[in-house]
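Secondary and tertiary structure notes
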Amino acid sequence: MDNLPYTALIKFPDIIPEHCDEHIVRRLTSMRGQFADQPAYEQLLSNEDMLLYEVYAFIQPEVDGELDSGISIIHPGKVGQEYFMTKGHFHSILDTAEVYYCMKGKGVMVMETPEGDWNVKDLNPGMLLYVPPRWAHRSVNTSDSEDFVIFYVYPAHAGHDYGTIETQGFRKLIVDQGSGPQIVDNPRWLAPEDRK
Ligand code: 6PG
Ligand code: NI
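Report on the accompanying structure. Keep in mind that what you see is a predicted model, and the values were worked out from it rather than measured.

**Examining the site of ligand 1**
In the region of ligand 1, 16 residues are neighbours, and Tyr53, Ser72, Glu98, His160 and Tyr162 sit closest. Within the side chain of Ser72, a nitrogen or oxygen atom sits 2.7 Å from an oxygen atom of ligand 1. Contact between ligand 1 and His91: an oxygen atom at 3.1 Å from a side-chain N or O atom of the residue. Notes on ligand 1: free accessible area 390 Å², of which the protein chains cover 96%. Those elements that place two or more of their residues in the shell around ligand 1 are strand E4 (51-58), strand E8 (98-104) and strand E13 (148-155). Partitioned by chemical class, the residues of the shell around ligand 1 number six nonpolar, seven polar and three charged.

**Observations regarding the side chain of Thr96**
Counting through the fold element by element, Thr96 comes out in the loop between strand E7 (82-83) and E8. Judged by its relative accessible area of 7%, Thr96 falls in the buried class. Within the structure, Thr96 has its side chain in polar contact with the side chain of His91 (distance 3.1 Å). Once residues lying within four places of it in the same chain are set aside, the contact partners of Thr96 are His91, Pro132, Pro133, Arg134, Pro155, His157 and Ala158.

**Details of the pattern of salt bridges**
Enumeration according to the criterion identifies six salt bridges in this entry. Residue Glu42 pairs with Arg32 through a salt bridge whose shortest N-O separation is 2.8 Å. One end of the pair, Glu42, is in helix H1 (residues 38-47); the other, Arg32, is in the loop between strand E3 (22-27) and H1, with ten residues separating them in the sequence. Judged by relative accessible area, Glu42 falls into the partly exposed class, the value being 34%.

**With respect to the coordination of the nickel ion (ligand 2)**
Around the nickel ion (ligand 2), the protein supplies His89 (NE2), His91 (NE2), Glu98 (OE) and His137 (NE2) as donor atoms, at distances of 2.1 to 2.3 Å. Between the donor residues of the nickel ion (ligand 2), the gaps in sequence give the motif H-x1-H-x6-E-x38-H.

**Side note on the sheet that holds E3**
In spatial order, the strands read E3-E4-E5-E13-E8-E11; together these six strands make up an open sheet with antiparallel pairing. Bordering the open sheet on either side are E3 and strand E11 (128-131), each of which pairs with just one other strand. Averaged over all pairs of adjacent strands, the angle between strand axes in this sheet comes to 20°, irrespective of strand direction. Across six bridges, the pairing between E4 and strand E5 (residues 67-74) is antiparallel. Bridge pairing in E5 places Phe58 opposite Ser69.

Calculation criteria
- Residues numbered from 1 in each chain as written.
- Chains lettered and ligands numbered in written order.
- Predicted model: local features only at pLDDT ≥ 70, side-chain atom pairs only at ≥ 80, totals over all residues.
- Heavy atoms only, no water.
- Near = heavy atom within 4 Å.
- Polar contact = N/O pair within 3.5 Å; in protein donor to acceptor, adjacent residues only side chain to side chain.
- Areas by Shrake-Rupley, 256 points an atom, 1.4 Å probe, with all protein chains shown as cover.
- Helix = DSSP H or I, 4+ residues; strand = E, 2+ residues; numbered from the N terminus.
- Nonpolar A, V, L, I, M, F, W, Y, C, P; charged D, E, K, R; others polar.
- Buried < 20%, exposed > 50% of the residue type's maximum accessible area, 1.4 Å probe, protein only.
- Contact = heavy atoms within 4.5 Å.
- Salt bridge = Lys/Arg side-chain N within 4 Å of Asp/Glu carboxyl O.
- Donors = N, O, S within 2.8 Å, 3.2 Å for Na, K, Ca; no water.
- Pairing = 2+ DSSP bridges.
- Axes fitted to C-alpha atoms, helices over the stretch in contact; angles between N-to-C directions.

Okay, structure coming up:
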């Protein structure tokens, strides 16, 4: 991984980079236990290990000053009432921020601090989102038909802490109870005082 300037063409309309360092593919099986409606999850999985989202990542040396970037594509769909979403994570180096830029589709970013403060931002094409240090983040596709495509950039040494989210969940879920996207409480969320 030489450290020379590089370019990568991100072609429209599918917004897939012509080359990248890592193509991550996340299917239903990789999200076991993350969706609220377990019977609906098992039902879907019994038919097919559906593709939920993909990441085309540009990866730099994990040293201070370097930046990783890439494209996340969250495909449309639901598990029960809950929209397709990413795993979500804190950065292992908690004090590291991230910038997102929405290129296509529509969705929201669900965010939360270790203290349980939460925030949800709508994202539409052309919108930039700043995720401050210490805020975990999860991308959710709220379209019934279109891919949700976002460009991201963050410090290359930040790392990913998935375990905390897998254990305590996000405080808020994004569901469709018949009138489009809604923010609801996660009944399985573990409040700070209830965590081991
Ligand atoms: C990161 C970014 C972003 C994220 C993807 C997939 O820190 O790398 O937030 O690239 O990883 O959108 O989301 P998950 O990492 O939560 O699966
Ligand atoms: Ni991140």
